[in-house]
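What follows is the residue order along each chain.
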Amino acid sequence: DRTMTTRLMGFETLHYNVVAAQMSRGKSERAAASAIAAIAATVGRLAMDVCLFMSQNFGFVSLPDNLTTGSSIMPHKKNPDVFEIMRGRCNRLQSVPNEIALLTANLPIGYHRDMQLLKDILFPATTEIKRTLSMCDFMLAHLKVNAGILDDPKYDYLFTVEDVNRLVLGGVPFREAYRQVGMAVQRGQYRPTREVRHTHEGSIGNLCTAEIRRKMERVMAEFE
C-alpha cells in the first residue's frame, strides 16, 4: 500500500512517476552522506585538537592511563590512540558523499543494479558515525583540562586584548589603550592582569560543557 507507506513515513506525497522514483535513488543517499560527512568533519577536527593539545609542546589536556597506550620505544609517552583512530575514521567518512557521487555518475535514466551498492556504502557509514559520536562522548567525559597552563610567562601576551578592553572600560579611548599596551610589550614592561571577564553574547566560556554534551546527545538521537 504505497499511500499508507507514504503517510507512515511522513512524506508529503508519493512518487507517481516510476522514473522519478528511480531517479531519486542516489540523490537521497548522497544528501544523507553529506550530513554524516559534515558531522565527521567537526568531530575529526576535535580529535585532531585533542591529539595536538596532549603533546608535550602544549600539555593543555590529559587522559587517564587506561585510555591511552605507551610508545613502542619512548617510556614517557602516552598516545591518544582513541582520538587518533577517531580522526582517521572521520576522514574516511568525509569521502562517502564522493563515493556515492562516483557510483551514480554515469548511469542513464532508469533503475540499475549498481544502485544496490548504495546501501553497502551508506548503511555502514551511518553505523560508523553513531559509534564515533558515542565514543567521542565517552572520551570527553574522561578528558582532564590541566590547570595552571596559562601561568607560564610565554602565554602572557594572550591577555593583551583583555588589558586593552579593561582600559577602554575605564574611560581610555581605544586607540590610546591599544598604544599603551603595545608600547609596554615592545619595552618588555608588559605584565598581564590575567583577569578574563567575558560576559557578552557569543564570548568564550559562555557555552558550558554540559550544553555541548546535550547538543551531542541530540545529534546522536537524530540518528536513532
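Figured I'd write up the structure that's included with this text. A quick note: this is a predicted structure, and the numbers were derived from the prediction, not measured. (Residues numbered from 1 in each chain as written. Predicted model: local features only at pLDDT ≥ 70, side-chain atom pairs only at ≥ 80, totals over all residues. Heavy atoms only, no water.)

1. Re the nonpolar core
Turning to step 1, where the next piece is worked out: By size, the foremost hydrophobic cluster in this structure holds 29 residues, and its most contacted members are Phe-83, Met-86, Leu-93 and Val-96.
Turning to step 2, where the next piece is worked out: Breaking this core down by element, the ones donating at least two residues are α3 (27-53), α4 (81-93), α5 (96-103), α6 (117-141) and α9 (209-223).
Turning to step 3, where the next piece is worked out: Ranked by residues supplied to this core, first place goes to α6 with eight residues.
Turning to step 4, where the next piece is worked out: Dropping the residues within four chain positions of it, Leu-93 is found in contact with Ile-36, Ala-37, Ala-40, Ala-125, Glu-128 and Ile-129.
Turning to step 5, where the next piece is worked out: Core analysis: the second largest hydrophobic core is formed by seven residues, Phe-159, Val-164, Leu-167 and Ala-177 among them. (Core = buried A, V, L, I, M, F, W, Y, C linked by side-chain atoms within 4.5 Å. Buried < 20%, exposed > 50% of the residue type's maximum accessible area, 1.4 Å probe, protein only. Helix = DSSP H or I, 4+ residues; strand = E, 2+ residues; numbered from the N terminus. Contact = heavy atoms within 4.5 Å.)

2. A word on the packing of α5 against α6
Turning to step 1, where the next piece is worked out: Interhelical geometry of α5 versus α6 gives an angle of 175° and a closest axis separation of 10 Å. Comparing their axes, α6 and α5 come out roughly antiparallel. Touching Val-96, Glu-99, Ile-100 and Leu-103 of α5 are Leu-117, Leu-118, Ile-121 and Ala-125, all from α6.
Turning to step 2, where the next piece is worked out: Residues of the contact of α5 with α6, tallied by class, amount to seven nonpolar, no polar and one charged. (Axes fitted to C-alpha atoms, helices over the stretch in contact; angles between N-to-C directions. Parallel < 35°, antiparallel > 145°, perpendicular 65-115°, else oblique. Nonpolar A, V, L, I, M, F, W, Y, C, P; charged D, E, K, R; others polar.)

3. Focus on α3
Turning to step 1, where the next piece is worked out: Given a rise of 1.5 Å per residue, 27 residues ought to cover 39 Å, and the 39 Å separating the end C-alpha atoms of α3 matches this to within 8%.
Turning to step 2, where the next piece is worked out: Among all positions in α3, only Glu-29, Ala-33, Ile-36, Ala-37, Ala-40, Val-43, Gly-44, Ala-47, Val-50 and Cys-51 are buried. (Expected span 1.5 Å × (residues − 1).)

4. Things to note about the environment of Met-135
Turning to step 1, where the next piece is worked out: Mapped onto the fold, Met-135 is located in helix α6.
Turning to step 2, where the next piece is worked out: Met-135 gets classed as partly exposed once you look at its relative accessible area, which sits at 37%.
Turning to step 3, where the next piece is worked out: Taking the C-alpha atoms as reference, Met-135 lies 30 Å from Gln-116; in sequence the two are 19 residues apart.
Turning to step 4, where the next piece is worked out: Discounting chain neighbours no more than four positions away, the residues touching Met-135 are Val-82 and Met-86.

5. Some thoughts on helix α8 (residues 174-186)
Turning to step 1, where the next piece is worked out: Taking 1.5 Å per residue as the helical rise, α8 with its 13 residues ought to reach 18 Å, and the 18 Å between its terminal C-alpha atoms agrees with that figure.
Turning to step 2, where the next piece is worked out: Every buried residue belonging to α8 is among Ala-177, Val-181 and Ala-184, and all of these are buried. Along the axis of α8, the buried residues cluster in a sector spanning 60°; they form a single face. In α8, the exposed positions that point more than 90 degrees away from the buried face belong to Arg-175, Tyr-178 and Gln-186. (Arc of directions from axis to C-beta.)

6. Focus on the packing of α4 against α6
Turning to step 1, where the next piece is worked out: Contact geometry of α4 with α6 gives a least axis separation of 11 Å together with a crossing angle of 150°. Put simply, α4 runs roughly antiparallel to α6. Crossing of α4 over α6 shows left-handed handedness. Facing Val-82, Phe-83, Met-86, Arg-89, Cys-90 and Leu-93 of α4, the residues of α6 in contact are Ala-125, Glu-128, Ile-129, Thr-132, Met-135, Cys-136, Met-139 and Leu-140.
Turning to step 2, where the next piece is worked out: Among the residues forming the contact of α4 with α6, the class breakdown is eleven nonpolar, one polar and two charged. (Left-handed = near helix turned anticlockwise from the far one by under 90°.)

7. Remarks on the packing of aromatic side chains
Turning to step 1, where the next piece is worked out: What the rule picks out here adds up to six aromatic pairs.
Turning to step 2, where the next piece is worked out: Between the aromatic rings of Phe-53 and Phe-60, the centroid separation amounts to 5.1 Å while the plane-to-plane angle is 45°, which identifies the pairing as tilted.
Turning to step 3, where the next piece is worked out: Take Phe-53: its relative accessible area is 27%, and that puts it in the partly exposed class.
Turning to step 4, where the next piece is worked out: With a relative accessible area of 23%, Phe-60 lands in the partly exposed category.
Turning to step 5, where the next piece is worked out: Three or more aromatic residues joined by ring pairs make a cluster, and in this case those are Phe-53, Phe-58, Phe-60 and Tyr-155. (Phe/Tyr/Trp six-rings, centres within 6.5 Å; stacked < 30°, edge-to-face > 60°.)

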